[in-house]
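# Descriptive structure summary
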Amino acid sequence: MNNRELAGKVHSAVYLQCRSRGFAAPVDVLMEVGYLSKQDYENWRYGRVDYLERVCKANLSKLSLVMREMRSYAAKAGLKPSFCYYKQWGTKKKNGQGRKPVIPLRFSKSGDPEIERQYATHFVDVKRTSQLKTENAAKLAGQPEAAPDEGGGSNS
């Protein structure tokens, strides 16, 4: 896949994620473009992989392009950047007591703070998020969103 095709896939992935849930996350975009499998993502989240880039099926140049295209699309679409702290899943409490230890996850081989921040930044569509909240509130209240006319015939 050339860089132009990849940019189109990234833009499409960001758009679809924002449309369906109000935000786009780099790890989900990587899964959508085929550079990260769900199994590899879960292995990373459970701490079985030391950093995310190790299991991505693309070189650092392509990964960098994905991140750059995400930021570019987000800027054009007016999406709000929002940092998300990624921590390891499945940590056990020590001796079954107290709080679970919080183990931060690493995205890059280098561990560079700027690269880590970019991977951990989600892009939020504020307008779409408020629409989704309204729709969910209507569903919870038992009100149909925009129910079409039933019957469709005459009202005699």
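First, a word on what this report is: a plain description of the structure on this page. It should be emphasised that the depicted structure is a prediction, and the values quoted were computed from it without experimental measurement.

Calculation notes
- Residues numbered from 1 in each chain as written.
- Predicted model: local features only at pLDDT ≥ 70, side-chain atom pairs only at ≥ 80, totals over all residues.
- Heavy atoms only, no water.
- Helix = DSSP H or I, 4+ residues; strand = E, 2+ residues; numbered from the N terminus.
- Buried < 20%, exposed > 50% of the residue type's maximum accessible area, 1.4 Å probe, protein only.
- Contact = heavy atoms within 4.5 Å.
- Core = buried A, V, L, I, M, F, W, Y, C linked by side-chain atoms within 4.5 Å.
- Pairing = 2+ DSSP bridges.
- Patch = residues over 30% accessible without salt bridge, like charges linked within 9 Å, V, L, I, M, F, W, Y side chains within 5 Å.
- Areas by Shrake-Rupley, 256 points an atom, 1.4 Å probe, with all protein chains shown as cover.
- Salt bridge = Lys/Arg side-chain N within 4 Å of Asp/Glu carboxyl O.
- Axes fitted to C-alpha atoms, helices over the stretch in contact; angles between N-to-C directions.
- Parallel < 35°, antiparallel > 145°, perpendicular 65-115°, else oblique.
- Left-handed = near helix turned anticlockwise from the far one by under 90°.
- Lys, Arg positive; Asp, Glu negative; His and termini not counted.
- Charge placed at Lys NZ, Arg CZ, Asp CG, Glu CD.

What follows deals with the overall build of the protein chain. Counting its secondary structure elements, the protein chain contains six helices and three strands. Reading the helices (α) and strands (β) of the protein chain from amino to carboxyl end gives α-β-α-α-α-β-α-β-α. The buried share of the protein chain, taken over its 156 residues, is 34%. Across the protein chain, the fraction of contacts at a sequence separation of at least 24, relative to all contacts at a separation of at least 6, is 62%.

Counting 34 residues, the largest nonpolar core has Val 14, Leu 30, Trp 44, Leu 52 and Tyr 86 as the members making the most contacts within it. Among the elements of the structure, helix 1 (3-21), helix 2 (26-32), helix 3 (38-45) and helix 4 (60-77) are those that each provide at least two residues to this core. Looking at which element gives the most residues to this core, the answer is helix 4, with seven residues. Leave out the neighbours within four places in its chain, and Leu 30 touches Tyr 35, Leu 36, Leu 52, Cys 56, Leu 63, Val 66 and Tyr 119.

This part covers the pairing of strand 3 (residues 121-124). With two bridges joining them, strand 1 (residues 23-24) and strand 3 adopt antiparallel strand pairing. Bridge pairing links Phe 23 to Val 124 in strand 3. Where strand 2 (residues 80-83) and strand 3 come together, four bridges link them in antiparallel fashion. Residue pairing for strand 3: Pro 81 is matched across the bridge by Phe 123.

Turning next to a nonpolar patch on the surface. Taken together, the side chains of Phe 83, Tyr 85 and Val 102 define a hydrophobic patch exposed on the protein surface, amounting to about 330 Å² of accessible area. Here Phe 83 shows up in strand 2.

Let's shift gears to the pattern of salt bridges. Applying the stated criterion across every chain yields a total of six salt bridges. One salt bridge connects Arg 54 with Asp 50, and the closest N-O pair in it is separated by 2.8 Å. On the accessibility criterion, Asp 50 (46% relative accessible area) is partly exposed. Among the salt bridges present, the one from Arg 117 reaches Glu 114, with a minimum N-O distance of 2.4 Å. Of the two residues, Arg 117 and Glu 114 are both situated in helix 5 (residues 113-119); the distance of three residues between them amounts to about one turn of the helix. Taking relative accessible area as the criterion, Arg 117 reaches 39% and is therefore assigned partly exposed.

Relative to each other, helix 1 and helix 4 sit at 50°, their axes nearing to 9 Å. Considering the angle they form, helix 1 stands oblique to helix 4. Classified by chirality, the crossing of helix 4 by helix 1 is right-handed. Taken together, the residues of helix 4 that come into contact with helix 1 (itself represented by Asn 3, Leu 6, Ala 7, Val 10, His 11, Val 14 and Tyr 15) are Lys 62, Leu 65, Val 66, Glu 69, Met 70 and Tyr 73.

Turning to a positive patch on the surface, a few remarks are in order. Taken together, the side chains of Lys 87, Lys 92, Arg 99 and Lys 100 make up a positively charged region of the molecular surface. If you trace the backbone, Lys 87 turns up in the loop between strand 2 and helix 5. By relative accessible area, which is 41% here, Lys 87 ends up partly exposed.

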